[in-house]
Amino acid sequence: ADALLPQGENGVDGRAIRVGTRRSQLARIQTDSVVMMLRDLYPDLRFEIAVAMSTTGDKILDTALSKIGEKSLFTKELENALERNEVDLVVHSLKDLPTSLPPGFTIGAVCKRETPLDAVVFHPKKCGKTLNLLPEKSVIGTSSLRRAAQLKKKFPHLEFRDIRGNLNTRLKKLDEKEDFSAIILAAAGLKRMGWESRIGQLLGPEDCLYAVGQGALAVEVRAKDQEILNMVSALHDADTVLCCIAERAFMKCLEGGCSVPVAVNALLKDGQLYLTGAVYSLDGSDSLKETMQTSVCYPHQNEDGPNDDVQHVGITARNVPGQAQEAAENLGVELASLLLSKGAKHILSVARQLNDAR
């Protein structure tokens, strides 16, 4: 690998910019798509992809994600490489990134969001069905407490069971055995893998609110690395940034993680940001759901000086108006506070205890 030039000498010119990625096929595809965007924007720069890393989350496949309890399952090893200057940026699914990043890191770009919805993939023998048409006691695979809680309530005739592994593994488990009638996955991952044809049913917000950050890709960088931060900030999609700041602020205020069922739906329309947020008991019988909105119509001011790099729930978005980001963050916090005032803390702590005891 190229020796890194000391920061400030010749900037990023004259050396390769190294991009870290996980080993999984989807991680590679996502990283490649970001590198392609960067190459288009900066044709004179060289980009190298460093595939090192199987992360803790990739290795521990026999335990439900919600039980491992580690927030940065899929990101820790990549951050270590970033800290050691072995790579300059790392591409993640935003939903894998905790709402508080370790000191010294920031999300320097949030790319335009692919659909955030969940999708149902049916066993080949159940092709053409929808969830409500599946026979009584059909088994649905999902490793997400959020999906299970909502769908148990909506489709009480179905049974939900954990299924782990990357996308390839899960589809294989579905197709080659008779254990599952269907599995639920993020539609974005299936689309990026080129498997859109496997989507048998898209679950809209009325069936299943999605995970915080779902469908968006995030580029994590060293917070002090001004040149790299400048370079990747061109990838920001303003609407996605504002939706995701609101979602992440909501989650952070509730202290949610993958060990509790927290779900959202965000929509930006005519300068108004609408956020729906919900918390659920594990079986979905107990839930709280509310929607709030705020205006995010603010001009872009040249915010020179140290305010330049204010982080909002771990995101540094230089080219999105600061007041709009603040409004989005406040919306998430206010919505969470509303749910907390109605008893969300109790629902979540019971869910956490039950999940720990499983």
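How each quantity is defined
Residues numbered from 1 in each chain as written. Predicted model: local features only at pLDDT ≥ 70, side-chain atom pairs only at ≥ 80, totals over all residues. Heavy atoms only, no water. Helix = DSSP H or I, 4+ residues; strand = E, 2+ residues; numbered from the N terminus. Buried < 20%, exposed > 50% of the residue type's maximum accessible area, 1.4 Å probe, protein only. Contact = heavy atoms within 4.5 Å. Pairing = 2+ DSSP bridges. Axes fitted to C-alpha atoms, helices over the stretch in contact; angles between N-to-C directions.

Undergrad: Help me out: how do you make sense of the overall build of the chain in this one?
TA: Scanning the chain from N- to C-terminus turns up 11 helices and 13 strands. Counting every position in the chain, which comprises 358 residues, the buried fraction comes to 54%. For the chain, the share of sequence-separated contacts (at least 6 apart) that also reach a separation of at least 24 residues comes to 72%.

Undergrad: What am I meant to see in the pairing of strand β5 (residues 118–122) here?
TA: Two faces make up the sheet, and in a regular strand the side chains alternate between them. A large share of β5 lies buried, amounting to five of its five residues. Two strands pair when backbone bridges link them, and β5 and strand β8 (residues 182–186) are joined in this way by five bridges, in the antiparallel orientation. Residue pairing across strands places Phe122 opposite Ala182, the latter belonging to β8. Alignment of β5 against strand β9 (residues 199–203), held across four bridges, turns out to be antiparallel. Counted as the bridge partner of Val120 is Gln201 from β9.

Undergrad: Mind showing me how you'd approach unusual backbone geometry here?
TA: Excluding glycine, residues mostly have negative phi values, and the peptide bonds linking residues are mostly trans. We note that Asn85 has phi near 60°; this positive angle belongs to a residue other than glycine. Locating Asn85 in the fold gives a position in the loop between α4 (76–83) and β3 (89–93). Even without a glycine there, the phi angle at Lys137 is positive, about 65°. Mapped onto the elements of the fold, Lys137 is located in the loop between β5 and β6 (139–141).

Undergrad: Any chance you could explain the sheet that holds strand β12 (residues 272–280) here in plain terms?
TA: Picture the strands of a sheet paired through backbone hydrogen bonds; they go either parallel or antiparallel. The three strands lie next to each other as β11-β12-β13, forming an open sheet whose pairing is antiparallel. Two strands in the sheet have a free side with no partner beyond their single neighbour: β11 (262–269) and β13 (287–295). The sheet shows a mean angle of 10° between the axes of neighbouring strands, taken without regard to direction. Two elements, β12 and β13, share nine bridges in a ladder whose sense is antiparallel. Among the inter-strand pairings, Leu275 is bridged to a residue of β13, identified as Met292. The sheet strands contacting helix α11 (residues 344–357) are β11, β12 and β13, and the helix crosses β12 at an angle near 50°.

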